[in-house]
Amino acid sequence: DAGVIQSPRHEVTEMGQEVTLRCKPISGHDYLFWYRQTMMRGLELLIYFNNNVPIDDSGMPEDRFSAKMPNASFSTLKIQPSEPRDSAVYFCASSFSGGANYGYTFGSGTRLTVV
Amino acid sequence: QQPVQSPQAVILREGEDAVINCSSSKALYSVHWYRQKHGEAPVFLMILLKGGEQKGHEKISASFNEKKQQSSLYLTASQLSYSGTYFCGTATFSSGSARQLTFGSGTQLTVLP
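Residues numbered from 1 in each chain as written. Chains lettered and ligands numbered in written order. Predicted model: local features only at pLDDT ≥ 70, side-chain atom pairs only at ≥ 80, totals over all residues. Heavy atoms only, no water.

A word on the nonpolar core
Consideration 1: By size, the foremost hydrophobic cluster in this structure holds 21 residues, and its most contacted members are W34, L77 and Y90 of chain A.
Consideration 2: Listing elements by their share of this core, those giving two or more residues are β3 (19-24), β4 (31-38), β5 (42-50), β7 (65-71), β8 (74-79), β9 (88-95) and β11 (110-114) of chain A. (Core = buried A, V, L, I, M, F, W, Y, C linked by side-chain atoms within 4.5 Å. Buried < 20%, exposed > 50% of the residue type's maximum accessible area, 1.4 Å probe, protein only. Helix = DSSP H or I, 4+ residues; strand = E, 2+ residues; numbered from the N terminus.)

Set out below in structure tokens:
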């Protein structure tokens, strides 16, 4: 199994630009999570999906953030417009049956730098 | 609410033991433990479920005190490869769903030769 695949690995963009992060979960996993990691705030849950349906997006910081999961094998996290304070490592994780009973598998992350 | 981890950092020599603690102010459904090496993704180590069931796949043990809403991770005879940041993640009942994890701030473990 190739694991959870994220792209790009690194993204440097200018303030105000649109950024799209991509994630391919493990086949058969029915839950997908987007987390953001910073030194100050640690690992924060942004949004999660169950069977492609968004369940809880209360962690999405602002309307500038949006996430979609058009099918079981693909999800995107979009930031528009981007700001320097969005700089962080964004992780996608997937799990079987919610993850509360099973572990999460994280992708390698996307390191976003907004200048 | 974020679980509290202690200590924040620990340095030990190869072969020594370490204990990392995680506590929550809310009733826990499960506790997960992950290890993250610098520049890499967190990797699942172990899960402890309410009722005592434990699932894991590495030579690391853990406990879950349901009365105190606390979990401890035990690393015995540490190896250089154990170095990294350890996170606990907790799933509670209060959110109405036991599906999502809230992570602690992490414990940085350094094993020296």
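Right, picking up where we left off after that structure.
Points about the pairing of strand β11 (residues 107-112) of chain B
Residues and elements named next belong to chain B.
Consideration 1: Side chains T107, L109 and V111 project from β11 onto a buried face, and the interleaved Q108, T110 and L112 project onto a face without burial.
Consideration 2: For strand β2 (residues 9-13) and β11, the ladder comprises five bridges, and the chain directions are parallel. For V10, the partnering residue across the bridge sits in β11 and is L109.
Consideration 3: As judged from the three bridges shared by strand β9 (residues 84-92) and β11, these two strands associate in the antiparallel manner. Each residue of the ladder has a partner; that of Y86, found in β11, is T107. (Pairing = 2+ DSSP bridges.)

Digging into the confidence of the model for chain B
Consideration 1: Per-residue confidence for chain B averages 87 on the pLDDT scale, and 87% of its residues sit at or above 70.
Consideration 2: Here strand β6 (residues 54-56) of chain B stands out as the least confident element of chain B, with mean pLDDT 61; β11 of chain B is the most confident, with 97. (pLDDT = per-residue confidence, 0-100.)

Examining the state of the cysteines
Consideration 1: On inspection of all chains with the given rule, the structure shows two disulfides over all chains.
Consideration 2: Between the sulfur atoms of C23 of chain A and its disulfide partner C92 of chain A the distance amounts to 1.8 Å. Between C23 of chain A and C92 of chain A, the disulfide has an S-S torsion of -60° and is therefore left-handed. With C23 of chain A in strand β3 and C92 of chain A in strand β9, this residue pair connects regions lying 69 residues apart in the sequence.
Consideration 3: We classify C92 of chain A as buried; its relative accessible area is 0%.
Consideration 4: Between the sulfur atoms of C22 of chain B and its disulfide partner C88 of chain B the distance amounts to 2.1 Å. What sets the handedness of the C22 of chain B and C88 of chain B disulfide is the S-S torsion sign, and at about 70° it is right-handed. With C22 of chain B in strand β3 (residues 18-23) and C88 of chain B in strand β9, the pair connects residues that are 66 residues apart, well separated along the chain.
Consideration 5: On the accessibility criterion, C22 of chain B (2% relative accessible area) is buried. (Disulfide = S-S within 2.5 Å.)

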